[in-house]
Amino acid sequence: MITSLGIAVTQFMDFLGGLTLLFKKTWDELKTKPFYFYLVIEQVYFIGVRSFILVSATAFSTGLVMALQFGLGLERFGGKFYVPKVVALALVRELGPVFTSLMVAGRVGAGITAEVGSMAVTQQLDAIRALGTSPIKKIVIPRVLACVIAVPLLSVLADIIGVLSSCLIGVTELGLDPVFYIQKVITTVKLADFLSGIGKSVFFGLFIGLVGCYYGMRTSGGTQGVGIATTKSVVVSSLFVVVGDFFLTKMFWVLERW
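Report on the accompanying structure. Remember, it's a predicted structure, so these values are computed and weren't measured experimentally.

What counts as what
- Residues numbered from 1 in each chain as written.
- Predicted model: local features only at pLDDT ≥ 70, side-chain atom pairs only at ≥ 80, totals over all residues.
- Heavy atoms only, no water.
- Helix = DSSP H or I, 4+ residues; strand = E, 2+ residues; numbered from the N terminus.
- Buried < 20%, exposed > 50% of the residue type's maximum accessible area, 1.4 Å probe, protein only.
- Salt bridge = Lys/Arg side-chain N within 4 Å of Asp/Glu carboxyl O.
- Phe/Tyr/Trp six-rings, centres within 6.5 Å; stacked < 30°, edge-to-face > 60°.
- Axes fitted to C-alpha atoms, helices over the stretch in contact; angles between N-to-C directions.
- Parallel < 35°, antiparallel > 145°, perpendicular 65-115°, else oblique.
- Left-handed = near helix turned anticlockwise from the far one by under 90°.
- Contact = heavy atoms within 4.5 Å.
- Nonpolar A, V, L, I, M, F, W, Y, C, P; charged D, E, K, R; others polar.
- Core = buried A, V, L, I, M, F, W, Y, C linked by side-chain atoms within 4.5 Å.
- Patch = residues over 30% accessible without salt bridge, like charges linked within 9 Å, V, L, I, M, F, W, Y side chains within 5 Å.
- Areas by Shrake-Rupley, 256 points an atom, 1.4 Å probe, with all protein chains shown as cover.

**Observations concerning the environment of G96**
Here's step 1: Note that G96 resides in helix α4 (residues 83–121).
Here's step 2: Note on G96: relative accessible area 6%, which makes it buried.
Here's step 3: Residues G96 and S201, 105 residues apart in the sequence, show an inter-C-alpha distance of 9.2 Å.

Right under this line is the structure:
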């Protein structure tokens, strides 16, 4: 048991060290030329636009369930008029960014790891180095930047769709006036609430992009290794989103009070 614990701790420290070094190299090379802008735009399309349907379906369902649960629960105490406030804050500050990031981690994180991992096992990364180009610039930076750009935008869309779907339940199931519902949402959600959710999404996008590239570049063992690296990437990215959400929430609350 002690040996297994030691191995687990060693692997965890190796992962943190490798991820930190990858972030440092990415940050250093981001500040140097050349910058492949067209690659970033291409990755934003693949990560953002192609994830829209998945994120929209998740946000729509989340808004429906949240409004229904809170509405039926609060209606017994005469508090169904608080549903717009509760649902809007929950979506904007927490559920919108977190659920969006989890969906992107499952779809995009796996895709990044599989793509970069296939390039690693077929020695395409070595070929890029042999041609005098950095794999960090050509492979890592476009994907990390695209995640940082696309995830916040998807979170905004998820917030809007979630609020509208909750309004649908509020009107059809709870008998609330749609104008009243939207007014309560607008007066409840402050700029700080919106920026808190967007700020979390930026960090979540950074986590997903870095972890996906990290496991992809360290892939070995052929196609079997690609599958193992993809599984690890999705699990670790999701854990980073869920665990990091607590610390980011605490940080933003402290900043708002300060």
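After presenting the structure, the write-up continues.
**Considerations on the pattern of salt bridges**
Here's step 1: A full pass over the atoms with the stated rule returns 8 salt bridges.
Here's step 2: Note that D193 is salt-bridged to R93, the shortest N-O span being 2.4 Å. Of this pair, D193 sits in helix α8 (residues 191–217) while R93 sits in helix α4, and the two are 100 residues apart along the sequence.
Here's step 3: Take R93: its relative accessible area is 8%, and that puts it in the buried class.
Here's step 4: Measuring nitrogen to oxygen at the nearest pair gives 3.0 Å for the salt bridge that ties R93 to E256. Of this pair, R93 sits in helix α4 while E256 is found in helix α9 (residues 222–257), placing the two residues 163 residues apart along the sequence.

**Focus on the packing of aromatic side chains**
Given two aromatic rings, one states the distance between the centres and the angle between the planes to describe the pair.
Here's step 1: A complete count under the given rule lists 9 aromatic pairs for this structure.
Here's step 2: Taking 5.5 Å as the distance between ring centres and 70° as the angle between the ring planes, the aromatic pair formed by Y45 and F46 counts as edge-to-face.
Here's step 3: For F46, a relative accessible area of 33% translates into the label partly exposed.
Here's step 4: Here Y214 and Y215 contribute two aromatic rings whose centre-to-centre distance is 5.2 Å and whose plane-to-plane angle is 75°, an arrangement assigned as edge-to-face.
Here's step 5: Exposure remark for Y215: the relative accessible area of 14% places this residue in the buried category.

**Regarding the packing of helix α3 (residues 52–75) against helix α6 (residues 135–172)**
Here's step 1: The contact between α3 and α6 brings their axes to 7 Å, and the two run at 40°. As judged from the angle between their axes, α3 and α6 are oblique. In this structure, the crossing between α3 and α6 has a hand that is right-handed. Only L154, L157, A158, I161, G162, S165, S166, L168 and I169 of α6 make contact with α3, whose side of the interface consists of F52, V55, S56, A59, F60, G63, L64, A67 and L68.
Here's step 2: Residues that form the contact of α3 with α6 fall into these classes: 13 nonpolar, 5 polar and no charged.

**Regarding unusual backbone geometry**
Across residues other than glycine, the phi torsion is negative in most instances, and most of the peptide bonds are trans.
Here's step 1: The step from K33 to P34 runs through a cis peptide bond, and the omega angle for that step is 0°.
Here's step 2: As for its placement among the helices and strands, P34 is situated in the loop between α1 (2–30) and α2 (37–47).
Here's step 3: For Q123, which is not a glycine, the phi torsion comes out positive at approximately 65°.
Here's step 4: Turning to its location among the elements, Q123 is positioned in the loop between α4 and α5 (124–130).

**Details of the nonpolar core**
Here's step 1: Among the nonpolar cores identified, the biggest contains 34 residues, and F15, L22, I47, V104, I112 and Y215 are the most heavily contacted of them.
Here's step 2: Elements supplying a minimum of two residues to this core: α1, α3, α4, α5, α6, α8 and α9.
Here's step 3: Among the elements that line this core, the one with the most residues is α6, at 11 residues.
Here's step 4: Listed in part, the 16 residues of the second largest apolar core include M66, A67, L176 and Y181.

**Some points on the packing of α6 against α8**
For any two helices packed against each other, one specifies the inter-axial angle together with the distance between the axes.
Here's step 1: The interhelical angle for the contact between α6 and α8, taken along N-to-C directions, is 150°, at an axis separation of 8 Å. Judged by the inter-axis angle, α6 sits roughly antiparallel to α8. Relative to α8, the crossing made by α6 is right-handed. Contacts between α6 and α8 involve P135, I136, V140, R143, V144, C147, V148, V151, P152, S155 and V156 from the first element and F194, I198, S201, V202, G205, L206, I208, G209, L210, C213 and M217 from the second.
Here's step 2: Across the contact of α6 with α8, the residue classes tally to 17 nonpolar, 4 polar and 1 charged.

**Section: a nonpolar patch on the surface**
Here's step 1: Residues F52, I53, L157, I160, L164, I182 and I186 make up a contiguous nonpolar surface patch of about 660 Å² in total accessible area.
Here's step 2: Mapped onto the nonpolar patch, the elements with two or more residues apiece are α3, α6 and α7 (178–188).
Here's step 3: Ranked by the residues each element gives to the nonpolar patch, the list is headed by α6, at 3 residues.

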